[in-house]
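Chain by chain, the residues:
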Amino acid sequence: MSELRSFSNILVTGGAGFIGSNFIRYLFSDAGFGGRVVNLDALTYAGNPQNLADIAAVYPDRYVFVHGDIRDAALVQKVFAEYDIDAVVHFAAESHVDRSILDPQSFITTNVMGTYTLLEAARQAWKGRYGDGAAQETGATGRSADTGPSTASSVLFHHISTDEVYGSLGEEGAFKETTPYDPRSPYSASKASSDFLVKAYGHTYGLPVTISNCSNNYGPYQFPEKLIPLMILNMLEGKPLPVYGDGRNIRDWLYVVDHNAAVWTIMTRGRIGETYNIGGENEWENIRLLHRLIEMVAESTGKPVRQLEELITYVKDRPGHDRRYAIDCSKLKNELGWKQSVSFDEGLRHTVRWYLDNPGWIASVRSGAYREWIEKNYGDRS
Ligand code: NAD
Ligand code: TDX
């Protein structure tokens, strides 16, 4: 039988971004986490502390926001010491493929060097707890075929990664945890590098690590550069809907809360040293997805479907555009009992509603007022 891991002080990096902010909300609600959450975020264009303003107000003692950069070793070490961190969930990253093609540098410094900086801080902070170099003596992974899924661990580094590290699929098959890495964009290459660093710290130093590689997420608070929110907002504003290439690239979509439930399941019950794939088992060609979204926006706004369809504009393809992603998440399902709980129709409908109901959030992430708000509230804390 597996023993449930428990934590007191969780460091969430990138918790002001899309998935990270949803994860913190999840910790305080469905997960029933009773400890303290420290959110370390540099507030790049993609980070918005307003995403968690309600959580900050309700849990002033259990939610701490630290405005800072994961590449800042001194700051990261200070956070570990000051808050007695016993678990890290590492979301912070440059996350948009198109930006990585235009300007890869921050992807390398944040995703690779930033991950290294965090791993090193965790290793130093936790040395006494698990024993540096314990890998060889204990088998590093704390796993045993006879005792089942996990051994309780007082500290854990969970790394959030992507299915894009596995490359691109043809018409058949799905990525498994054993699929060889074949990253093809600067973004996915930087994420692959960070995955390897995490694995190396597990093997070499015995750092208790787990990794998850997830497919495309969607839901509330996603920055409107990604396909689904971009298309919703462009429909509302009557702007062109840019479809890359022939529109027949395929992505596997998962509702963000289901991703976060999987992450928490792995953190509390997953085997140390293991990678788990997370996916929606929900493949859609981009153009088909866009037509479904058009129907939903039309239903919610009363705009005629025809009028929205006329906005569809085929544009030049993304360089190196991966054709198809699909995830085999049977390991996570069979071993830890996780499963998707939100159907695509339900999740998309909720997402469309959320963007319609939150024009203030949309205006703020697109305007200088948002930057001014950050400056006023967090300007002196970095
Ligand atoms: P996001 O771009 O919405 O948020 C990233 C957050 O990280 C922002 O709050 C940003 O301010 C912060 N950040 C960036 N650089 C930083 C730095 N140097 N120091 C501290 N904070 C920094 O990203 P997201 O879509 O929420 O993705 C979160 C994680 O999940 C990433 O690691 C990404 O690779 C992974 N992932 C995303 C998806 C997806 O579909 N969005 C799918 C699989 C995996
Ligand atoms: O305007 C667009 N038109 C278009 O056709 C945009 C923004 C995208 N696309 C296509 C490209 C992809 O085939 O839609 C698909 C999805 O694009 P993105 O939303 O940019 O996501 P993707 O490139 O698949 O990467 C996402 O999923 C994996 C996240 O951004 C990554 O962080 C995650 O790792």
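Residues numbered from 1 in each chain as written. Chains lettered and ligands numbered in written order. Predicted model: local features only at pLDDT ≥ 70, side-chain atom pairs only at ≥ 80, totals over all residues. Heavy atoms only, no water.

**Q** So what's going on with the overall build of the protein? Residues and values would help.
**A** Of regular secondary structure, the protein possesses 15 helices and 12 strands. What you see for the protein is a C-alpha radius of gyration of 20 Å, in line with the 21 Å of a compact globule of 382 residues. Burial analysis of the protein (382 residues in total) assigns 55% to the buried set. For the protein, the share of sequence-separated contacts (at least 6 apart) that also reach a separation of at least 24 residues comes to 85%. Accessible area for the protein stands at about 15,700 Å²; split by element, carbon and sulfur atoms hold 51% of it. (Helix = DSSP H or I, 4+ residues; strand = E, 2+ residues; numbered from the N terminus. Rg over C-alpha atoms; globule rule 2.2 N^0.38 Å. Buried < 20%, exposed > 50% of the residue type's maximum accessible area, 1.4 Å probe, protein only. Contact = heavy atoms within 4.5 Å. Areas by Shrake-Rupley, 256 points an atom, 1.4 Å probe, with all protein chains shown as cover.)

**Q** Please set out the packing of helix H8 (residues 227-237) against helix H13 (residues 344-357) residue by residue, giving values where relevant.
**A** Packing of H8 against H13 leaves a shortest axis separation of 10 Å and a crossing angle of 55°. When the axis of H8 is compared with that of H13, the two are oblique. Where H8 crosses over H13, the two elements pack in a sense that is right-handed. Contacts between H8 and H13 involve Ile-228, Pro-229, Ile-232, Leu-233 and Leu-236 on the former and, on the latter, Leu-348, Thr-351, Val-352, Tyr-355 and Leu-356. Residues of the contact of H8 with H13, tallied by class, amount to 9 nonpolar, 1 polar and no charged. (Axes fitted to C-alpha atoms, helices over the stretch in contact; angles between N-to-C directions. Parallel < 35°, antiparallel > 145°, perpendicular 65-115°, else oblique. Left-handed = near helix turned anticlockwise from the far one by under 90°. Nonpolar A, V, L, I, M, F, W, Y, C, P; charged D, E, K, R; others polar.)

**Q** Quick rundown of the site of ligand 2? Include the residues and the values.
**A** Inspection of the region around ligand 2 gives 19 residues, with Thr-162, Glu-164, Tyr-187, Arg-318 and His-321 positioned closest. Interatomic distance of 2.7 Å between a side-chain N/O atom of Glu-164 and an oxygen atom of ligand 2. Tyr-187 places a side-chain nitrogen or oxygen 2.6 Å from an oxygen atom of ligand 2. Here ligand 2 has 650 Å² of accessible area as a free molecule, and 93% of this is covered by the chains. Contributing elements (two or more residues each) for the shell around ligand 2: H8 and strand S8 (241-244). It is S8 that contributes the most residues to the shell around ligand 2, 3 residues altogether. (Near = heavy atom within 4 Å. Polar contact = N/O pair within 3.5 Å; in protein donor to acceptor, adjacent residues only side chain to side chain.)

**Q** How would you summarise the environment of Glu-3 if you had to cite specific residues and measurements?
**A** When you line up the elements, Glu-3 lands in the segment before strand S1 (9-13). Classification of Glu-3 as partly exposed rests on a relative accessible area of 47%. Distance from Glu-3 to Ser-106, taken between C-alpha atoms, is 39 Å for residues 103 residues apart in sequence.

**Q** Pulling in residues and values, what's your account of the pattern of salt bridges?
**A** In this structure the tally under the stated criterion is 24 salt bridges. The partner of Arg-25 in a salt bridge is Asp-54, and the shortest N-O contact between them spans 2.7 Å. Residue Arg-25 is located in helix H1 (residues 18-28), and its partner Asp-54 is located in helix H2 (residues 53-58); the two are separated by 29 residues in the primary sequence. On the basis of relative accessible area, Asp-54 is assigned to the partly exposed category, the value being 37%. Asp-345 is paired through a salt bridge with Arg-349; the nearest N and O atoms lie 3.9 Å apart. Taken together, the residues span about one helical turn, with Asp-345 and Arg-349 both in helix H13 at a distance of 4 residues. For Arg-349, a relative accessible area of 36% translates into the label partly exposed. Ionic contacts of the salt-bridge type, sharing partners, join the residues Arg-292, Glu-295, Glu-299, Asp-345 and Arg-349 into one network. (Salt bridge = Lys/Arg side-chain N within 4 Å of Asp/Glu carboxyl O.)

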